[in-house]
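What follows is each chain in one-letter form.
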Amino acid sequence: MPYLLILGGTTEASALAAAVAARGVRATLSYAGRTAHPRAQPVPVRVGGFGGVAGLAAWLFAEQVTHVVDATHPFAAQISANAVAAAAQASVPIIALTRPPWHAGAGDRWTHVADLDAAVAALDGPPRRVMLALGRMHVERFTARPQHHYLLRFVDAPERAPALPHHRLVIDRGPFTAAADQRLLQAHGTELIVCKNAGGDGAAAKLVAARALGLAVLMIDRPALPPRRTCESVPAVLDWLDHATDRGV
């Protein structure tokens, strides 16, 4: 009987958990623990880190995990790299369930930057009304550009107010619609959206709204990751799991 570790925190991870639970496959879904009230899941949940590569490899061995699926956010570079290394140490097959990246289309006004530091540097200049669509982890980096009026949207209310002198905070959980995001951007008078190229459909509403409003987007490109097997759908993971099991892996 296979035992699957799903490294989660995304809608894709939740969809995979539901699919393997429906099949009766034993699985554990692991969260980093950054969301205070994650959605209920149909499989056991583990919250917190593993202690780096060595800790994750030891956990895989001790729990007799047979397969690992990295369904973390495309920008969770550290855990993704750790997962590849730990799976190799524990001799456990691994696959990444990842969203296809977004690509600019007709009407989009995107500027690409390599990372967060480059995004902060790009905001040098006169005050603008900016939506930081990055999550709460990275907001403090933008205190280096205090002249702007920032629109922030978090899943959970923070324990303390963001240190940005000019901001509006919205507490809301997706998925969001393009129409609702367009109203939000118009109400704030947003001129620029800063976001990561997370990909997929769940977080694309703001980009559709930006296109409709003719707004500029500062797009942070995805980080480089170690070579690994990847797929873009839950059925593809299940197919991989079936074939890996058939081969006795």
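Look up a bit, the structure's there.
What counts and how
Residues numbered from 1 in each chain as written. Predicted model: local features only at pLDDT ≥ 70, side-chain atom pairs only at ≥ 80, totals over all residues. Heavy atoms only, no water. Phe/Tyr/Trp six-rings, centres within 6.5 Å; stacked < 30°, edge-to-face > 60°. Buried < 20%, exposed > 50% of the residue type's maximum accessible area, 1.4 Å probe, protein only. Lys NZ or Arg CZ within 6 Å of the ring centre and 35° of its normal. Helix = DSSP H or I, 4+ residues; strand = E, 2+ residues; numbered from the N terminus. Polar contact = N/O pair within 3.5 Å; in protein donor to acceptor, adjacent residues only side chain to side chain. Contact = heavy atoms within 4.5 Å. Salt bridge = Lys/Arg side-chain N within 4 Å of Asp/Glu carboxyl O.

1. Quick word on the packing of aromatic side chains
Part 1 of the reasoning: In this structure the tally under the stated criterion is two aromatic pairs.
Part 2 of the reasoning: The interplanar angle of 70° and the centroid separation of 5.4 Å between the aromatic rings of Phe 50 and Trp 59 together place this pair among those described as edge-to-face.
Part 3 of the reasoning: Ring centres of Phe 142 and Tyr 150 lie 6.4 Å apart, and the angle between their planes is 65°; this geometry places the pair in the edge-to-face category.
Part 4 of the reasoning: Exposure remark for Phe 142: the relative accessible area of 0% places this residue in the buried category.
Part 5 of the reasoning: Its guanidinium or amino end placed over the ring of Tyr 3, Arg 26 lies 3.8 Å from that ring's centre, counting from NZ or CZ.

2. With respect to the side chain of Thr 72
Part 1 of the reasoning: Note that Thr 72 resides in the loop between β4 (67–70) and α3 (77–90).
Part 2 of the reasoning: Judged by its relative accessible area of 12%, Thr 72 falls in the buried class.
Part 3 of the reasoning: Separated by 2.6 Å, the side chains of Thr 72 and Asp 70 make a polar contact.
Part 4 of the reasoning: When near neighbours in sequence (up to four residues on either side) are disregarded, Thr 72 contacts Leu 7, Gly 8, Thr 10, Ile 79 and Ser 80.

3. Concerning the pattern of salt bridges
Part 1 of the reasoning: The tally for this structure, following the rule as stated, stands at six salt bridges.
Part 2 of the reasoning: Here Arg 23 and Asp 242 are joined by a salt bridge, their closest N and O atoms 2.9 Å apart. With Arg 23 in helix α1 (residues 11–23) and Asp 242 in helix α7 (residues 234–246), this residue pair connects regions lying 219 residues apart in the sequence.
Part 3 of the reasoning: With relative accessibility at 31%, the residue Asp 242 sits in the partly exposed group.

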